[in-house]
Structures are given as C-alpha cells and as structure tokens.
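Reading the structure
Chain by chain, the residues run as shown.
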Amino acid sequence: MNGVIEGVYEPVQHHWFHCEQQVDCKDSWFPFSREDSPRLEEAHKHGETHGEEEMVVATEGRRFDVRLKERRRYAVYWEQPPSEVRRCSWFHKGEKDICYTPYPEHTSLVLEEAYMISVTLNDWTRKLEFPTGETVVLHSRKLMTQQQTVPSKYWIGLPSASEHSRPRTVKRGLEGISIEIPEGEPYQVDHLVFMVHGVGPACDIQLRGVVQCVNDFRDASLSLLSSHFKQSQDGGHMGRVEFLPVNWHRVLHGDATGVDEDIQRITLPSISRLRQFSNSTVLDLFFYNSPTYCQTIIDTVASEINRLHRIFLQRNPQFTGAVSLTGHSLGSLILFDLLTNQEIHNTDEKISSVSSPREATSINFESFEETLRNFGLGKFFQMLTKEQMDLESLALCSETDLKDLGIPLGPRKKIMCLLKRWREQESRTGTSHPVPGVPGVYSQVQEQPTLLSDAPSTSSVDYKYFDIGIGQVSIVYPQLAFQPQAFFALGSPIGMFLTVRGLKRIDPKYSFPTCRSFYNIFHPFDPVAFRMEPMVVSPGVDLPPMLIPHHKGRKRMHLELKDSLMRVSSDLLLSISTLRGVWQTLTTLPVDTLPPVARVGSTAALLPQESEGCRAQNGAVSPTEMKNISFGMLNGGRRFDYVLQEKPLESFNEYLFAIQSHLCYWDSEDTVLLLLREIYEGKGILL
C-alpha cells in the first residue's frame with residue numbers, strides 16, 4: 001500500500017514551526033526552513049540526551065535565537081515579543097481554514113501513541129477524547145478526523161448540532177499538507193545594508209512597520225539572487241545580502257522625549273483620527289528641522305546603526321564584506337546629512353560609537369584635537385596649531401578672522417557652534433570666557449530662563465548658526481563605526497531640502513567623505529521624490545533620469561507601446577515636413593542670383609540652434625555630448641538619478657496612485673535588483 005507495510009509502525013518525522021500574530025489578532029504558524037528545522041531537531045535530541053542545559057539555536061540567517069527549553073523564539077536585532085515554537089508532527093484544519101494548525105506537543109504525543117497501537121494491532125475504531133472537548137477518531141492510516149463536542153445545553157436556538165460539530169481534517173506529518181517550506185538562506189553574507197525608514201511608524205500602504213517591510217525586501221533579494229545570479233550561486237562565488245532595519249521613530253515619540261504628550265495637550269479635539277495621523281507622521285518633518293529634536297533623531301540613527309553593526313559582527317565573525325546604507329523618504333535626508341559630516345579616519349584609529357542621545361550632549365573640551373574631531377573639524381587641527389591656537393585663543397577670533405585663515409563657510413559655522421557650546425559648558429561652573437571679536441573682554445554668563453526643554457534626551461542647540469556646510473541644522477553629528485560603500489536614497493526629498501536651505505548647486509567635485517557611491521531612486525509619480533542630477537550638471541543640460549530595467553527584462557509593454565507611438569508620430573511629422581519642402585522646391589521659380597547671407601539675429605542664422613534646442617528638449621543626447629557632461633563625484637563620475645517604470649494600471653491616473661508610489665519601494669523587485677546589481681558589480685559579479 002504505497003510503500004507502507006501493513007502492521008509495521010514507522011516513527012513520524014517532526015518539523016519545527018513558530019507562531020506569529022497577524023493583523024486580525026489570529027495566530028498563524030510558519031515552518032522553519034529546511035536548514036533550520038533539522039538543526040533544531042538535532043539540538044533538541046542532544047539536549048534530551050545530555051541533561052537540562054538550555055540550548056540556543058540561531059535561525060533565519062542568525063536574526064533569531066530559539067531557546068529550546070523555553071520553546072521561545074527571540075529577535076536579535078530589534079525589539080519584538082518572543083513567539084512560541086513547537087516541535088510539530090500532527091495537524092488539523094477546518095473547512096473554512098486556509099492552513100493547517102499544529103497540535104500542541106503533548107497532544108501530538110498522545111495521538112502518535114494511539115496511532116502506533118492502531119497500526120500494530122490493525123485496530124482503527126479508536127477514539128481519543130481530550131479535556132478541551134475535542135474528539136479525534138482514527139479511521140485508517142490516511143483518514144483521521146476531529147470533532148468538537150458541543151454540550152446539549154448550548155443547542156437551544158441553534159439550527160442543528162451538526163453545524164457546530166463539523167469534523168476537521170487531521171494529518172500526521174507533513175505528507176499530504178500543502179505548505180511551502182522555505183529552503184533557507186545561504187550561510188555566507190557578502191554585504192550588509194542598513195535601511196532607515198521615513199516619517200511615521202508605518203512604511204507601506206498596508207501600514208506595516210519597518211521590520212516587516214525590510215523582511216519582505218530581504219525575501220525579494222533572496223528570490224532574485226536565486227533567479228538572476230543562479231550561476232554564481234551554484235558555483236559558490238556568492239552568498240547573500242543582509243538587510244537590517246533602523247527604527248528611529250520609536251525613540252523620538254517615546255517617553256524619554258515626551259514630545260507626544262506635549263503635542264497632545266495642544267491638539268484640537270475635532271477630526272481626531274486625522275490629527276492623530278498628522279501628529280505621528282507629518283510632524284516628523286518639523287521635528288527634524290527643529291535643532292532640539294534633530295539632535296535626538298541623528299543620535300538615534302547613528303547609535304542604532306553602530307549597535308546593529310556591532311551585533312552583526314559578533315554573530316558573523318567571518319564577515320569580510322562592505323556595508324551600505326539605504327534611506328526612504330525623510331530617512332534618506334537623515335543619512336545624507338549624517339554622511340556629509342563624516343570624517344575620514346585612519347585604519348588604526350578607533351571610531352567611537354554613539355550609544356545614546358544623551359551622551360552627545362556631554363563633550364570633553366580638555367583636548368583641543370579631540371574637540372575638533374568631535375565636531376568634524378579634525379583636518380583643521382594642524383592649521384590652527386601652526387597659528388599657535390588653542391580653545392582660549394580660538395574663542396577670541398571672530399568669523400572674519402577664521403575667514404582670513406582660509407577656512408570655508410561650513411567649517412567656520414561649525415567652529416562658531418563649537419565655541420558657543422564650550423562657553424555654555426563653562427558657564428555652568430561660573431567660569432568667565434572671552435567674547436569673540438572683543439579681545440581682552442570677558443563676560444560672566446548668568447543662567448537665564450529658556451524656552452528649550454531641559455529633558456535629558458534632547459540638547460540645547462544654537463539657533464543663530466543655522467546653516468553649516470550645506471544648510472544643515474547646527475548640531476553635533478556623530479561618527480559611524482564604518483565607511484559605507486554606497487548610499488541608496490528611495491523616494492528622497494534631498495534635492496528639495498537642499499534647495500530650501502539655499503543651496504542652488506552642488507559642487508561637481510563634492511563627494512561624501514567616507515562613501516564612494518550615491519543612487520537617487522524614485523517612482524515617476526512619487527510626490528515626495530526630487531531629482532539630484534540637475535543640481536550637479538551644467539545649467540541648461542536637461543537629461544532624463546536613467547530608466548531602471550524591469551526585473552524580468554525589457555521595458556513594460558505599455559511603455560514600449562508609448563515609445564512606439566511617439567516614434568510613429570515623430571516620423572509622420574518628419575514626412576510631412578519633407579513633403580512640404582519638396583512641394584516648395586517644385587513650386588519656387590529658379591533664381592540665378594546667390595541667396596542672401598543670413599544676418600546676425602535673423603531666422604536663418606538661428607535654425608541650427610533651434611534644431612539643437614529641439615533635440616535637447618526631446619531628450620536625444622548624442623554619445624559625444626554625453627561624454628562632455630560632468631555628473632560630479634557623488635557617484636564617482638557616474639549618473640545617479642534612477643527612475644522606476646510605472647505599472648500599466650498606474651499610468652491611467654497618476655494622481656490616484658501618488659501616495660502608493662511613495663510607498664512602493666519596499667516591495668519593488670526592480671528596486672531590489674538595482675541594489676543587488678550595484679553591490680555585486682563592485683565584486684566583479686555581473687548579471
């Protein structure tokens with residue numbers, strides 16, 4: 001009978017599952033991968049044999065730890081309630097259920113024992129009643145059912161008892177169960193990417209958090225690696241890319257800052273749901289432009305990235321790959337400002353990690369060199385010491401003096417901010433300090449009432465020197481514990497913020513101090529996204545962004561049809577123009593004199609310029625012209641504006657899909673493939 005010998009019992013094969021609570025508050029059980037489940041089973045048997053010692057098994061790419069004695073699964077990198085883990089062998093499902101649900105382990109043991117007796121004795125009339133009211137009937141090896149016993153006192157007013165005691169299907173083992181068991185992830189990690197979310201606690205149209213969105217992004221990358229890089233994976237030349245979420249919204253709106261409570265006190269009671277949504281999302285933009293809370297956000301992002309990086313290296317000691325950063329919406333602006341203020345450190349120099357926002361408010365001014373480094377001014381130490389300067393003498397200088405020394409505008413503003421914070425720290429002890437620009441004059445600062453909160457989670461920031469470098473808020477920018485390889489901005493408003501800050505053009509020679517590559521990725525209908533290349537290339541050059549290929553190849557069908565129609569219409573206009581010229585030639589009388597020379601400013605003299613202008617407007621730039629266009633050093637001289645292809649349904653009404661377009665990047669396979677292509681291109685692995 002299908003390879004099964006009658007009367008011979010074969011032990012059931014166990015598989016491990018973990019429970020996750022869904023949006024509808026129902027528990028759903030998901031199987032561990034084909035790699036993790038055998039390791040859990042092996043550790044379980046080892047623990048049963050060698051005593052009661054707790055066994056901890058790293059699963060799911062070492063992002064979760066399973067404690068076998070507790071039967072609990074714990075997240076390693078982010079905060080998440082522990083979930084239940086089961087060693088499963090028996091399952092049940094009702095008529096309206098989609099998936100099978102595993103029985104508790106003690107119930108499975110009872111069922112397995114009854115099954116063994118039935119097989120051995122060939123007795124299939126066995127019923128098992130459980131204290132919870134269920135009755136399981138073993139009809140045969142392949143047919144087993146469960147019935148829910150309903151007491152007769154509950155039958156009053158019910159159509160029939162059968163509706164409340166419909167049998168449920170019972171299965172032994174995974175055989176015959178339609179369930180997808182993941183294959184598992186490659187052990188080798190080639191690259192690490194930190195992903196920073198934008199405004200609000202929700203990241204996509206389903207209102208999911210950053211952890212769930214990054215999980216889907218990671219799953220898409222694993223699928224694309226196995227389909228598009230299959231040859232390299234099979235040859236053992238590549239592993240996978242790890243994506244980890246960075247959550248800063250929770251800290252900003254937590255109890256430490258008290259900002260939610262303060263905002264709630266002044267919020268009007270009308271349209272409460274809309275105001276609640278606005279307070280938790282849109283206000284994040286204003287918080288970031290507030291010097292007080294900007295320091296909290298920057299410190300949280302930097303400290304969280306450094307913390308995750310440290311844990312990752314501890315759990316992956318063989319990792320030798322590079323690290324990249326990805327930011328969505330406001331998260332991209334946060335990373336842009338952070339990367340702009342990084343310093344290049346020597347390999348033997350230890351980069352200190354920011355552990356909490358509070359630590360950034362306490363600065364050690366004892367060492368002149370260390371003080372300059374903390375403010376991103378380390379490269380000016382030799383210049384200032386050559387002028388025999390220390391903190392006291394530097395405080396006597398005005399901004400004009402610093403300008404005469406050849407210090408650029410951005411660093412000058414940083415120095416003025418440094419001196420103000422030094423005076424504030426000195427004033428707490430009643431120490432007199434020099435007044436800038438007035439040599440020999442000292443002032444004793446008296447403590448005055450301030451509108452700024454003295455909460456330990458935020459710091460007083462100078463409002464006067466509001467623009468440093470490229471118009472950023474004057475705060476202390478912490479240093480990352482690594483030098484990123486690339487920075488990917490998704491749906492980014494960086495270009496708009498730089499323009500609002502007063503920056504009209506980015507110097508083509510400018511690049512991030514520690515990051516070599518930059519990519520500005522956006523959806524064509526995204527209302528929050530802005531381009532960056534026009535701020536770098538020469539004025540008057542109008543180039544369309546680079547079109548991101550579809551992950552299945554070629555353009556989308558509706559875009560190809562659109563291009564074909566445009567080519568047909570262009571050819572039609574050209575034919576009409578040619579026929580018109582031929583007709584004019586045939587109908588014009590011959591003239592024996594030479595045509596008049598075109599005067600300067602005449603229509604004939606402008607014809608070539610007009611044709612070049614039309615060609616530029618149509619976006620048709622010749623390869624020769626492309627070679628002469630400088631795209632700056634933000635991406636190593638390469639282009640960095642990349643646009644996604646809209647879906648056919650989206651092209652019918654761009655306004656209708658505007659909001660969705662801003663949230664589409666988390667589940668966009670085209671975006672994932674672009675990241676993978678750029679990451680592995682640096683390793684010499686091509687599609």
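Our subject is the structure listed above.
Quick summary incoming for the structure in this document.

Rules and cut-offs
Within every chain, residues take consecutive numbers counted from 1 along the sequence as written. Note on the predicted model: pLDDT of at least 70 is required for a residue's local features to be given, and 80 or more for side-chain atom pairs to be given and counted; whole-chain, interface and lining totals, by contrast, use all residues. To get the side-chain values, all heavy atoms of the structure are used, and hydrogens and water are removed first. Helix and strand definitions here come from DSSP, where helices need a minimum of 4 consecutive H or I residues and strands a minimum of 2 consecutive E residues; each element is numbered from the N-terminal end. Whether two residues are in contact is decided by their heavy atoms: any pair within 4.5 Å suffices. Methods summary: accessible areas were calculated by the Shrake-Rupley approach with a probe of 1.4 Å, and residue burial reflects only the protein chains presented. One requirement defines pairing of two strands: DSSP has to find at least two bridges between them. Only C-alpha atoms enter the line fits that serve as axes; for helices the fit covers just the stretch in contact. Angles between N-to-C directions range over 0 to 180 degrees. The buried label goes to any residue with under 20% of its type's maximum accessible area, the exposed label to any with over 50%, and the partly exposed label to all in between, with areas taken from a 1.4 Å probe on protein chains only. In the analysis that follows, any N or O atom pair within 3.5 Å is treated as a polar contact, provided that within protein one partner can donate a hydrogen and the other can accept it, and provided that, for residues neighboring in sequence, both atoms belong to side chains. When describing relative orientation, an angle under 35 degrees is termed roughly parallel and one over 145 degrees roughly antiparallel, while 65 to 115 degrees is termed roughly perpendicular and anything else oblique. In this scheme the handedness of a crossing depends on how the near helix is turned from the far one: anticlockwise by less than a right angle means left-handed, clockwise means right-handed. Residues are grouped as follows: nonpolar covers Ala, Val, Leu, Ile, Met, Phe, Trp, Tyr, Cys and Pro; charged covers Asp, Glu, Lys and Arg; every other residue, Gly included, is treated as polar. What we call a nonpolar core is a set of buried Ala, Val, Leu, Ile, Met, Phe, Trp, Tyr and Cys residues that are connected through their side-chain atoms within 4.5 Å. Two rings from Phe, Tyr or Trp (for Trp, the six-membered ring) form a pair when their centres are within 6.5 Å of each other. A pair whose planes differ by under 30 degrees is stacked, one over 60 is edge-to-face, and the rest are tilted. Our definition puts a charge over a ring when NZ of Lys or CZ of Arg is within 6 Å of the ring centre and also within 35 degrees of the ring normal. Salt bridges are defined as contacts in which a side-chain nitrogen from Lys or Arg sits within 4 Å of a carboxyl oxygen from Asp or Glu. The patches described consist of residues with a relative accessible area above 30% and no salt bridge, like charges being joined within 9 Å and nonpolar side chains (Val, Leu, Ile, Met, Phe, Trp, Tyr) within 5 Å. What a helix should span is 1.5 Å times the count of its residues minus one. Think of it as the arc spanned by the lines of direction from the helix axis to the C-beta atoms.

Focus on the overall build of the protein
Scanning the protein from terminus to terminus reveals 21 helices and 21 strands. Counting contacts in the protein only where the partners sit at least 6 residues apart, residues at least 24 apart contribute 70% of the total. Accessible surface for the protein amounts to roughly 38,400 Å². Of this, 55% is attributable to carbon and sulfur atoms.

What about the sheet that holds strand β15 (residues 322–328)?
The seven strands lie next to each other as β14-β13-β15-β18-β19-β21-β20, forming an open sheet whose pairing is parallel. Edge positions in the open sheet fall to β14 (240–246) and β20 (546–547), since each of these has one partner strand only. The sheet contact formed by strand β19 (residues 517–522) and strand β21 (residues 641–643) spans three bridges and is parallel. Bridge pairing in β21 places F522 opposite V643. With respect to the sheet, helix α3 (residues 210–228) is in contact with β13 (189–196) and β14, its orientation differing from that of β14 by roughly 170 degrees.

Concerning the environment of Y519
Tracing the chain through its elements places Y519 in strand β19. Classification of Y519 by relative accessible area gives buried; the value is 2%. Taking C-alpha positions, Y519 is 9.8 Å from R638, a pair spaced 119 residues apart along the chain. The contact partners of Y519, leaving out residues within four places of it in the chain, are A486, F487, F488, A489, N635, R638, F640, Y642 and E678. Among the polar contacts listed, one links the side chain of Y519 to the side chain of R638, at a separation of 2.9 Å.

Things to note about the pairing of strand β4 (residues 64–67)
With four bridges joining them, strand β3 (residues 56–59) and β4 adopt antiparallel strand pairing. Along β4, the bridge assignment pairs T59 with F64. Linkage of β3 to β4, two consecutive antiparallel strands, is achieved through a turn of four residues, within which E60 is found at a positive phi near 50 degrees. Across four bridges, β4 lies against strand β5 (residues 72–75) in antiparallel orientation. Following the sheet pairing, R67 is matched in β5 by R72. Hairpin geometry of β4 and β5 is characterised by an intervening segment of four residues between the two adjacent antiparallel strands and by a positive phi of about 60 degrees at R71.

Examining the packing of helix α9 (residues 291–315) against helix α10 (residues 330–340)
Where α9 contacts α10, the axes come no closer than 11 Å and their chain directions differ by 80 degrees. In terms of orientation, α9 lies roughly perpendicular with respect to α10. Taking contact as the criterion, the partners of I297, I298, V301, A302 and I305 in α9 are, on α10, I334, L335 and L338.

Some details on the packing of α3 against helix α21 (residues 669–681)
Between α3 and α21, the least distance of the axes is 9 Å, while the angle of their chain directions is 65 degrees. Between α3 and α21 the crossing geometry is right-handed. Contacts between α3 and α21 involve F217, A220, S221, L224, L225 and H228 from the former and E669, T671, V672, L673, L675, L676 and Y680 from the latter. Looking at the contact of α3 with α21 residue by residue, the class counts come to nine nonpolar, three polar and one charged.

Things to note about the nonpolar core
Counting 94 residues, the largest nonpolar core has F194, I305 and F487 as its most contacted members. The biggest single contributor to this core is α9, with ten residues. Among all residues touching I305, those that are not within four sequence positions of it are F194, V196, V246, L325, L335, L480 and F482. Judged by nonpolar contacts, the second largest core, of 20 residues, contains L372, F375, I415 and M416.

Quick word on the pairing of strand β12 (residues 168–172)
Bridge analysis of strand β7 (residues 90–93) against β12 gives four bridges, and the strand direction is antiparallel. Within β12, the residue paired with K93 across the bridge is T169. Two elements, strand β11 (residues 144–148) and β12, share two bridges in a ladder whose sense is antiparallel. Paired with T145 across the strands is T169, a residue of β12.

Regarding the packing of aromatic side chains
This model, assessed by the stated rule, comprises 19 aromatic pairs. When the ring of F487 is compared with that of F512, the centres are 6.1 Å apart and the planes differ by 65 degrees; the resulting orientation is edge-to-face. Note that F487 is positioned in strand β18 (residues 486–490) and F512 in the loop between α16 (494–500) and β19, a separation of 25 residues in sequence. By relative accessible area, F487 is classed as buried at 0%. Ring centres of F487 and F518 lie 5.4 Å apart, and the angle between their planes is 45 degrees; this geometry places the pair in the tilted category. Taken together, the positions of F487 in strand β18 and F518 in strand β19 put the pair 31 residues apart, joining distant regions of the chain. Ring pairs connect the aromatic residues F336, F487, Y510, F512, F518 and F640, which therefore count as one cluster. Geometry around Y187 places R62 over its ring, the cationic atom sitting 4.2 Å from the centre.

Quick word on the pattern of salt bridges
In the structure shown here, the tally under the stated rule is 31 salt bridges. Between D337 and R501 there is a salt bridge; the shortest N-O distance is 2.9 Å. On the criterion of sequence distance, the pair formed by D337 in helix α10 and R501 in the loop between α16 and β19 is long-range, its members being 164 residues apart. Linked by salt bridges that have partners in common, R63, E185, R218, R240 and E242 make up one network.

Quick word on the environment of G239
Position of G239 relative to the elements: it lies in the loop between α4 (230–234) and β14. Through-space distance from the C-alpha of G239 to that of P186 is 5.4 Å; in sequence the pair is 53 residues apart. Excluding its chain neighbours within four sequence positions, the residues that come into contact with G239 are P186, Q188, D190, L225, Q233 and Y680.

Describing a nonpolar patch on the surface
The grouping of M116, I117 and L121 at the surface amounts to a nonpolar patch, some 250 Å² of accessible area in total. Here M116 lies in helix α2 (residues 105–121). M116 gets classed as partly exposed once you look at its relative accessible area, which sits at 33%.

Remarks on helix α1 (residues 36–49)
Taking 1.5 Å per residue, 14 residues should reach 20 Å; α1 reaches 20 Å between its end C-alpha atoms and fits that length. Every buried residue of α1 is accounted for by D36, S37, L40, E41, A43, H44 and G47. In a view along the axis of α1, the buried residues occupy a sector of 165 degrees, so they form one face of it. Opposite the packed face of α1, turned more than 90 degrees from it, sit the exposed residues E42 and T49. For α1, the secondary structure elements touched by its buried residues are β1 (15–21), β3, β4 and β6 (83–88).

Focus on the sheet that holds β12
Read across the sheet, six strands follow the order β8-β7-β12-β11-β10-β9 without closing on themselves; strand pairing throughout is antiparallel. Among the strands making up the open sheet, the edge pair consists of β8 (101–102) and β9 (126–129). Bridge count for strand β10 (residues 134–138) against β11 is five bridges, and the pairing is antiparallel. Residue pairing in the sheet places T135 in a bridge with Q147 of β11. Where α2 meets the sheet, its contacts fall on β7, β9, β10, β11 and β12, and the angle it forms with β9 comes to roughly 170 degrees.

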